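# Architecture and fold: a report
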Amino acid sequence: MITWFLFDLGNTLIKLAYERVLENVCRDAMVTRDELVDLLEAPGGYRDLERGAITFGEFHDFLCDKGGYRGSLRDLRNVWTDFFDGPIVGVEELLDRVREKYRVAFLSNSNEVHAELIPRKFAALFKKDDRFVFSHRFRVAKPDPEMFRRALEVIGALPQNVVFIDDLIENVLAARSVGLRSFQFVDTEQLTRELVAERLL
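Below, the structure is looked at part by part. Only a predicted model underlies this, so the values are computations on that prediction, with no experimental measurement involved. (Residues numbered from 1 in each chain as written. Predicted model: local features only at pLDDT ≥ 70, side-chain atom pairs only at ≥ 80, totals over all residues. Heavy atoms only, no water.)

## Side note on the overall build of the protein
Looking only at helices and strands, the protein has ten helices and seven strands in total. Summarising its shape, the C-alpha atoms of the protein cover approximately 50 × 30 × 30 Å along the three principal directions. Here the protein holds 201 residues, and 52% of them are scored as buried. In the protein, the proportion of contacts linking residues at least 24 apart, taken out of those at least 6 apart, comes to 65%. Accessible area of the protein: about 9900 Å², with a carbon and sulfur share of 50%. Of the charged side chains in the protein, 28 are positive and 34 negative, and the gap between their average positions amounts to 5 Å. (Helix = DSSP H or I, 4+ residues; strand = E, 2+ residues; numbered from the N terminus. Buried < 20%, exposed > 50% of the residue type's maximum accessible area, 1.4 Å probe, protein only. Contact = heavy atoms within 4.5 Å. Areas by Shrake-Rupley, 256 points an atom, 1.4 Å probe, with all protein chains shown as cover. Lys, Arg positive; Asp, Glu negative; His and termini not counted. Charge placed at Lys NZ, Arg CZ, Asp CG, Glu CD.)

This is how it looks when you write it as structure tokens:
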């Protein structure tokens, strides 16, 4: 019996402004856009930030050292808080429908800046009983199956009692490997149709 819906946040509920962030970092750095993308994937970069392996201050130092970033820590924080373009069309209504039957939680590969910002900036999407599972707090990130096991511990549910929604297929497949019933998000209409067809809504 399904009792929980577990949603990804970025590009599932909230549109990410990834290109704008890259542009704004590059404006104060010595690397091109493509070089910055490679740098963010390198050890000490964005993925380590999501896994909680480094602090945001250490991430700033990394960009200064490896990318010639000239902005202050405050400058980088301002750029990093401008990562979002607002809720995806229709998600408020979808969440309302889901909450009529299920409890709701959010599982996001995140970092200390976004974890503080998202619940406040997008408060209209969330209810007081919702749960948040941010990757950096658990020192692991999607698609590592351990991230899903930690999320299940937080919400106190068995895999077969949870539906997981994410825009990235590698995360959907990883969740399925742990036993969660999982769907890839393309847009709100598509997801709603699938959930209705599966008699989950």
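Let's pick the thread back up.
## Topic: unusual backbone geometry
Of note, the bond from K142 into P143 is cis; its omega dihedral lies within 30 degrees of zero at 10°. With respect to the helices, strands and loops of the structure, P143 is situated in the loop between β5 (131–134) and α8 (145–155).

## A closer look at the pairing of β5
Bridge count for strand β4 (residues 103–108) against β5 is four bridges, and the pairing is parallel. Of the residues in β5, the one forming a bridge with A105 is R131. Taken together, β4, helix α7 (residues 112–121) and β5 constitute a β-α-β crossover, and its handedness is right-handed. (Pairing = 2+ DSSP bridges. Right-handed = clockwise from strand over helix to strand, strands pointing away.)

## Some remarks on the side chain of K142
With respect to the helices, strands and loops of the structure, K142 is situated in the loop between β5 and α8. The exposure class assigned to K142 is buried, which follows from its relative accessible area of 7%. Ignoring any residue separated from it by four or fewer positions in sequence, one finds K142 in contact with D8, L107, S108, N109, M147, F148, F164, D166 and N171.

## Looking at the packing of aromatic side chains
The geometry of two aromatic rings is summed up by the distance between their centres and the angle between their planes. What the rule picks out here adds up to 17 aromatic pairs. Between the aromatic rings of F59 and W80, the centroid separation amounts to 5.1 Å while the plane-to-plane angle is 65°, which identifies the pairing as edge-to-face. You can see F59 sitting in helix α4 (residues 56–67) and its partner W80 sitting in helix α5 (residues 73–80), a full 21 residues away along the chain. Judged by relative accessible area, which is 2%, W80 ranks as buried. An aromatic cluster of at least three residues, connected via ring pairs, comprises Y18, Y46, F56, F59, W80, F83, F84 and F122. (Phe/Tyr/Trp six-rings, centres within 6.5 Å; stacked < 30°, edge-to-face > 60°.)

## Regarding the pairing of strand β6 (residues 162–166)
Across the five residues of β6, five count as buried, placing the element largely inside the fold. Residues V162, F164 and D166 of β6 are buried on one face, and the alternating residues V163 and I165, pointing to the opposite face, are buried as well. Looking at chain direction, strand β1 (residues 4–7) and β6 are connected through four bridges and run parallel. Residue F7 lies in a different strand from β6, and its bridge partner there is I165. Direction of pairing for β6 relative to strand β7 (residues 181–184): parallel, over a ladder of four bridges. Within the sheet, the bridge partner assigned to F164 lies in β7 and is S182. Read as a crossover between parallel neighbours, the route from β6 over helix α9 (residues 169–178) to β7 is right-handed.

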